[in-house]
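Reading the structure
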Amino acid sequence: LTRIMMETGAGEYDSVALSRRIGTHTGGVSVSTMISGVNKEGSTPGVVGEGEHFVSKILISGKSTSDKTEELFSIFDLILRDANLDSQAKIIEMLRESKSRGESTVQGSGHAVANARIRSR
């Protein structure tokens, strides 16, 4: 989702125009996710719970000079509210890239992939 938000464009901007606007007015913008555990009410602080209660958050960060902060927040607003999440062709292309990357990882480091799968059980 975070990659889609940044690479499919937003509002009236396609992906190239959005990238140019970000590059022209800021030192960069990134979107990421954060998943953190939530302790149930009444549980002992500092004790790891069952792993069933989580909060998922989308974080957007960027940098700019002090005179460009208004433009930075305008870009944040544009990405968060008007991301072109319905750009099916671009999303399919991104999924194919991810699949190809995963396949090449297995070819080059199959033992590491198998080890990760075994350890995850």
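We now turn to the structure provided with this report. (Residues numbered from 1 in each chain as written. Predicted model: local features only at pLDDT ≥ 70, side-chain atom pairs only at ≥ 80, totals over all residues. Heavy atoms only, no water.)

1. Brief notes about the side chain of Arg 21
Condition: Numbering of helices and strands starts at the N terminus; helices are DSSP runs of H or I of at least 4 residues and strands are runs of E of at least 2. Residue contacts are counted whenever heavy atoms from the two residues lie within 4.5 Å of one another.
Considering the arrangement of structural elements, one finds Arg 21 in helix α2 (residues 15-25). For Arg 21, the residues in contact, after removing those within four places along its chain, are Tyr 13, Glu 71, Ser 74, Ile 75 and Leu 78.

2. A look at the environment of Leu 59
Threshold: Throughout this description, buried means an accessible area under 20% of the type-specific maximum (1.4 Å probe, protein chains only), exposed means over 50%, and partly exposed covers the range between.
With respect to the helices, strands and loops of the structure, Leu 59 is situated in strand β2 (residues 54-62). On the basis of relative accessible area, Leu 59 is assigned to the partly exposed category, the value being 37%. For Leu 59 and Thr 8, which are 51 residues apart along the polypeptide, the C-alpha to C-alpha distance reads 18 Å. With near-sequence residues (within four places) excluded, Leu 59 lies in contact with Ser 30, Val 31, Ser 32 and Met 34.

3. Let's talk about the packing of aromatic side chains
Defined as follows: The pairing test for Phe, Tyr and Trp rings, Trp by its six-membered ring, is centres within 6.5 Å, and the orientation test on the planes gives stacked under 30 degrees, edge-to-face over 60, and tilted for anything in between.
Per the stated rule, a full pass over the model turns up one aromatic pair. Seen from their ring centres, Phe 73 and Phe 76 are 5.6 Å apart, and the 85 degrees between their planes marks the pair as edge-to-face. Of this pair, Phe 73 and Phe 76 both sit in helix α3 (residues 69-82), separated by three residues, roughly a single helical turn.

4. Some points on a nonpolar patch on the surface
Here is the rule: Residues forming no salt bridge and having over 30% relative accessible area are the ones grouped into patches, like charges within 9 Å of each other and nonpolar side chains (Val, Leu, Ile, Met, Phe, Trp, Tyr) within 5 Å. Where accessible areas are quoted, they stem from the Shrake-Rupley method and a 1.4 Å probe; at the residue level, only the protein chains shown are allowed to cover. Criterion for a salt bridge: a side-chain nitrogen of Lys or Arg within 4 Å of a carboxyl oxygen of Asp or Glu.
On the surface, Leu 1, Ile 58, Leu 80 and Leu 85 cluster together into a nonpolar patch covering about 380 Å² of accessible area. Mapping Leu 85 onto the fold places it in the loop between α3 and α4 (88-119).

5. Side note on the environment of Ala 17
Mapped onto the fold, Ala 17 is located in helix α2. For the pair Ala 17 and Ser 43, spaced 26 residues apart in the sequence, the C-alpha separation amounts to 49 Å.

Read these as spatial facts, not as claims about activity.
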